Amino acid sequence: QRFIEVETQKQRFQQLVHQMTELCWEKCMDKPGPKLDSRAETCFVNCVERFIDTSQFILNRLEQTQKSKSSFSESLSD
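Residues numbered from 1 in each chain as written. Predicted model: local features only at pLDDT ≥ 70, side-chain atom pairs only at ≥ 80, totals over all residues. Heavy atoms only, no water.

### Examining the packing of aromatic side chains
Here's step 1: All chains considered together, the criterion is met by one aromatic pair.
Here's step 2: Summarising the aromatic geometry, the rings of Trp-25 and Phe-44 are spaced 6.1 Å apart at their centres and angled 45° between planes, so their arrangement reads as tilted. Note that Trp-25 is positioned in helix H1 (residues 2-28) and Phe-44 in helix H2 (residues 38-77), a separation of 19 residues in sequence.
Here's step 3: Judged by relative accessible area, Phe-44 falls into the buried class, the value being 17%. (Phe/Tyr/Trp six-rings, centres within 6.5 Å; stacked < 30°, edge-to-face > 60°. Helix = DSSP H or I, 4+ residues; strand = E, 2+ residues; numbered from the N terminus. Buried < 20%, exposed > 50% of the residue type's maximum accessible area, 1.4 Å probe, protein only.)

### With respect to H1
Here's step 1: The first and last C-alpha atoms of H1 sit 38 Å apart over 27 residues, in line with the 39 Å expected at 1.5 Å per residue.
Here's step 2: For H1, the full list of buried residues reads Met-20, Cys-24 and Cys-28. (Expected span 1.5 Å × (residues − 1).)

### What to know about the layout of surface pockets
A probe as big as a water molecule, rolled over the atoms, marks out the empty space that is left.
Here's step 1: Each pocket or cavity is described by its volume, and for the largest pocket that value is around 380 Å³.
Here's step 2: Forming the boundary of the largest pocket are 14 residues, of which Arg-12, Leu-16, Ser-55, Gln-56 and Leu-59 lie nearest the centre.
Here's step 3: Listing elements by their share of the lining of the largest pocket, those giving two or more residues are H1 and H2.
Here's step 4: When grouped by side-chain class, the residues that make up the lining of the largest pocket number eight nonpolar, five polar and one charged. (1 Å grid on protein atoms, 1.4 Å probe; cavity = no way out; pocket = protein on both sides within 12 Å on 5 of 7 lines; lining within 4 Å. Points joined across faces, edges and corners; volume = space filled by probe spheres on them. Nonpolar A, V, L, I, M, F, W, Y, C, P; charged D, E, K, R; others polar.)

### A look at the state of the cysteines
In protein chemistry, a disulfide is the covalent bond that joins the sulfur atoms of two cysteines.
Here's step 1: For the coordinates displayed, the defined rule picks out two disulfides.
Here's step 2: The disulfide partner of Cys-24 is Cys-47, and the gap between their sulfur atoms is 2.0 Å. Because the torsion about its S-S bond is -90°, the bridge between Cys-24 and Cys-47 counts as left-handed. Linking Cys-24 in helix H1 with Cys-47 in helix H2, this pair joins segments that are 23 residues apart in sequence. (Disulfide = S-S within 2.5 Å.)

### A word on a nonpolar patch on the surface
Here's step 1: A cluster of nonpolar side chains, namely Phe-57, Ile-58, Leu-59 and Leu-62, defines an oily patch on the protein surface of about 420 Å² accessible area.
Here's step 2: Turning to its location among the elements, Ile-58 is positioned in helix H2. (Patch = residues over 30% accessible without salt bridge, like charges linked within 9 Å, V, L, I, M, F, W, Y side chains within 5 Å. Areas by Shrake-Rupley, 256 points an atom, 1.4 Å probe, with all protein chains shown as cover. Salt bridge = Lys/Arg side-chain N within 4 Å of Asp/Glu carboxyl O.)

### Re the pattern of salt bridges
Here's step 1: Applying the stated criterion to the full structure yields five salt bridges.
Here's step 2: With a closest N to O distance of 3.4 Å, Glu-5 and Arg-2 form a salt bridge. Here Arg-2 and Glu-5 lie together in helix H1, a separation of three residues that amounts to about one turn.
Here's step 3: For the salt bridge of Arg-50 with Asp-53, the shortest nitrogen-to-oxygen distance reads 2.7 Å. Taken together, the residues span about one helical turn, with Arg-50 and Asp-53 both in helix H2 at a distance of three residues.

In structure tokens, the structure reads:
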């Protein structure tokens, strides 16, 4: 069971990286070239940071919601 959990987490991480790459590429890359200009580089950094912040916020919110539901269910069973 632990192995499945670890593999599931790896898969989620891979999906997250793929989504982030696709989103930030579309947002920041006007014209591909041999190297990034400073505007594109700054855009990528900001995009990745916001993506991570948003993902973390959503995970925290889901965790809080799950805990609230558990607490509510436990109080009903008392």
